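Structural overview for review
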Amino acid sequence: MSQAASKKSVWRRGQLLITGAVFVLATVIGVDVGLHGAAVSPVASVVVSAAAAAPVAGDQTSTAAGPFDGGRGQADVGQVGGGGGVRGGSGQGEPGQGGGGGR
Amino acid sequence: MSRSPGSDRTLASFWVGAVVAAALSLVGAPLPLPLDAGLLAHVAGMLAGYLSAVMVVLMSRAPLLERHVGSDVLTRWHSKGGRLFLILVCVHAGAALGAWAQTRQENLVTALVAVLGLPGLLAATLGTLLFFAIAGVSIRAARRRVSHEAWHGVHLLTYVAISLSFIHELAGPNLAGHPALQVAWTLMHVYALALVVRFRLLLPLENAWRHRLRVEAVVPEAPGVVSVIMSGRHLDELGAEPGQFFRWRFLSSGLWRTAHPFSLSAPRHGDFLRITVKALGGGSTRIQTLTPGTRVFAEGPSGAMTARRRTRGSVLLIAGGVGITPMRAMFETLEMTGGALTLIYRTSRPQDVIFRSELEHLARLRGAEVLWLIGPSSSPELQMTGQNLLRLVPDLAERDVYLCASPAMSAALRAGLAEAGLPLRHLHEEAFTF
């Protein structure tokens with residue numbers, strides 16, 4: 001392989017490496033935010049606001065938004081949760097848990 | 001107009017995604033499924049969230065999409081999808097509000113105040129208002145009055161609008177409490193954004209580092225038209241094909257903020273690239289006064305209107321005005337083994353013709369033909385009817401036809417070519433209003 005071709009090959013591999021790194025980082029952020037919600041996600045907090053101490057999962061009061069369909073989104077502790085509404089009636093959610101409930 | 005198999009496959013995969021998103025809106029729904037405003041709100045909301053990610057992917061400049069679908073097709077999908085997105089958001093908001101008011105026996109104003117008080121809803125509403133503002137400057141009538149730079153600046157707010165809406169999506173009752181779904185939904189959005197970061201931010205920076213493009217010379221071609229010749233290193237690695245374009249960002253005052261799309265007006269020659277630009281707006285006017293040595297960032301190559309689309313031996317190239325630029329590059333490079341090559345070049349005035357001597361030289365060199373159609377469009381013999389086109393190129397129905405012209409001329413030509421018997425799958429064009 002000529003020197004030019006070799007350099008080109010190194011450059012291409014470098015580009016692939018950058019693509020891989022971008023998507024690995026995206027996966028880490030996506031899984032973290034998906035599991036914790038952007039408001040309490042440690043990685044998102046660091047990436048977005050460089051916050052020194054991210055809120056601990058479970059401290060968050062429910063961010064439930066289920067205005068028209070209660071009884072659906074039951075959230076685990078620390079996750080964003082569903083709320084009460086049309087079908088299930090207006091549910092009450094524990095802090096850190098999703099709302100929910102039913103008539 | 002020809003459509004690549006890649007565009008059909010891509011469109012099919014987007015539809016499959018839409019079906020999955022709609023199915024997710026049924027997760028946890030009581031059985032039998034109530035066909036009410038609540039269900040409509042769920043389905044419309046999930047589809048809107050999905051579509052917002054698709055819109056970002058379409059504009060991510062991912063090479064696979066640019067090469068196999070084509071920038072103009074992606075832009076058209078983006079434009080249509082944007083309208084559909086706004087409709088879905090309106091349906092979602094209206095149905096959700098109606099369902100809330102109905103079940104709680106409240107009037108709509110009270111219901112609206114209550115709904116906006118829910119976590120994430122105020123941000124989502126602000127996001128929706130931003131989406132409408134972006135759509136406002138994107139509609140045709142407004143875009144005529146807004147500069148490309150201003151339009152681009154407002155369009156960047158899309159990312160803010162999507163971020164504002166995202167929490168509401170994640171917290172909504174379809175995903176909340178389903179960690180796997182929440183992760184999958186978040187990954188969809190994050191991967192879409194990753195494509196933008198990779199191909200619209202990092203790749204141009206890498207290319208700038210690798211290729212060190214600089215303006216070498218600015219050459220007047222006609223009144224208000226210049227060619228910009230750029231030099232750089234390792235330009236063969238760009239893989240640019242005649243017919244393709246780059247989005248050029250010139251690092252000079254008034255130009256560095258926005259990348260402008262221009263086709264190569266000649267194939268790469270060694271360490272040199274050339275584009276040719278007509279002063280049509282603020283950016284393209286400033287390009288006329290670029291000075292040698294100006295650094296250039298190039299995003300691309302983009303565009304699928306290349307020799308790869310060709311399936312026949314003989315080719316007809318049709319250019320209108322400054323649309324000659326990609327045709328000029330193809331006229332020099334298209335393979336002519338046993339086939340004929342003809343270029344129709346249409347301008348309103350003789351002084352608008354560019355590359356006359358180059359085209360004549362290439363025609364002589366390659367045994368090709370250039371047909372000059374110069375004059376006002378009111379002249380009957382210059383109109384793009386099937387009869388006139390057949391008079392100029394009797395075997396055009398047997399050729400591949402490549403077209404680059406203004407939207408009005410392209411529309412007339414599509415009708416004329418169809419009338420002349422050309423199967424439109426053999427018509428290859430890429431059209432941009434910006």
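Scroll up a little and you will see the structure.
These notes cover the structure that comes with them. Every value quoted in this text rests on a predicted model; they were computed, and no experiment measured them.

1. Description of the packing of aromatic side chains
All names here are of chain B.
- Within the structure shown, the criterion is met by five aromatic pairs over all chains.
- Seen in terms of ring centroids, Phe85 and Phe131 are 4.6 Å apart; in terms of plane orientation they differ by 70°. Their pairing is edge-to-face. You can see Phe85 sitting in helix α4 (residues 71-104) and its partner Phe131 sitting in helix α6 (residues 121-138), a full 46 residues away along the chain. For the pair Phe85 and Phe131, one class covers both residues: buried.
- An angle of 45° between the planes, with centres 5.8 Å apart, marks the rings of Tyr345 and Trp372 as tilted. Taken as a pair, Tyr345 in strand β8 (residues 341-347) and Trp372 in strand β9 (residues 369-374) lie far apart in primary sequence, 27 residues in all.
- In this structure, Arg356 is placed above the aromatic ring of Trp372, and the distance from its NZ or CZ to the ring centre is 4.4 Å.

2. Description of unusual backbone geometry
Residues and elements named next belong to chain B.
- Gly300 connects to Pro301 through a cis peptide bond whose omega is 5°.
- For Pro301, the location among the structural elements is in strand β6 (residues 296-302).
- Positive phi, close to 55°, is recorded for Gln105, a residue that is not glycine.
- Tracing the chain through its elements places Gln105 in the loop between α4 and α5 (108-116).
- On the accessibility criterion, Gln105 (71% relative accessible area) is exposed.
- Phi is positive for Arg212, close to 50°, though the residue is something other than glycine.

3. A few points about helix α10 (residues 179-211) of chain B
Residues and elements named next belong to chain B.
- Taking 1.5 Å per residue, 33 residues should reach 48 Å; α10 reaches 45 Å between its end C-alpha atoms and fits that length.
- Along α10, the largest kink reaches about 40° and is centred on Leu202; proline Pro204 follows within four residues of it.
- Residue Arg212 follows α10 closely and has a positive phi angle near 50°.

4. Structural notes on the sheet that holds strand β7 (residues 315-320) of chain B
Residue and element names in this part refer to chain B.
- In space, the five strands of this open sheet follow the order β9-β8-β7-β10-β11, with parallel pairing throughout. At either margin of the open sheet sits one strand with a lone partner, and together these are β9 and β11 (427-429). Averaged over all pairs of adjacent strands, the angle between their axes in this sheet comes to 15°, without regard to strand direction.
- For β7 and β8, the ladder comprises six bridges, and the chain directions are parallel. For Ile318, the partnering residue across the bridge sits in β8 and is Ile344.
- Sitting on the sheet, helix α13 (residues 356-366) touches β8 and β9, and the angle it makes with β9 is about 150°.

5. Regarding the pattern of salt bridges
All names here are of chain B.
- For the structure on display, the rule yields 12 salt bridges over all chains.
- For the salt bridge of Asp395 with Arg399, the shortest nitrogen-to-oxygen distance reads 2.9 Å.
- Classification of Asp395 by relative accessible area gives partly exposed; the value is 30%.
- Owing to a relative accessible area of 5%, Arg399 belongs among the buried residues under this scheme.
- Notably, a salt bridge pairs Glu429 with Arg414, separated by 2.5 Å at the nearest N-O pair. Placement of Glu429 in strand β11 and of Arg414 in helix α15 (residues 407-419) is noted, with a sequence separation of 15 residues between them.

So, how was this worked out
- Residues numbered from 1 in each chain as written.
- Chains lettered and ligands numbered in written order.
- Predicted model: local features only at pLDDT ≥ 70, side-chain atom pairs only at ≥ 80, totals over all residues.
- Heavy atoms only, no water.
- Phe/Tyr/Trp six-rings, centres within 6.5 Å; stacked < 30°, edge-to-face > 60°.
- Helix = DSSP H or I, 4+ residues; strand = E, 2+ residues; numbered from the N terminus.
- Buried < 20%, exposed > 50% of the residue type's maximum accessible area, 1.4 Å probe, protein only.
- Lys NZ or Arg CZ within 6 Å of the ring centre and 35° of its normal.
- Expected span 1.5 Å × (residues − 1).
- Bend = angle between axes of the 7 residues up to and from the residue.
- Pairing = 2+ DSSP bridges.
- Axes fitted to C-alpha atoms, helices over the stretch in contact; angles between N-to-C directions.
- Contact = heavy atoms within 4.5 Å.
- Salt bridge = Lys/Arg side-chain N within 4 Å of Asp/Glu carboxyl O.

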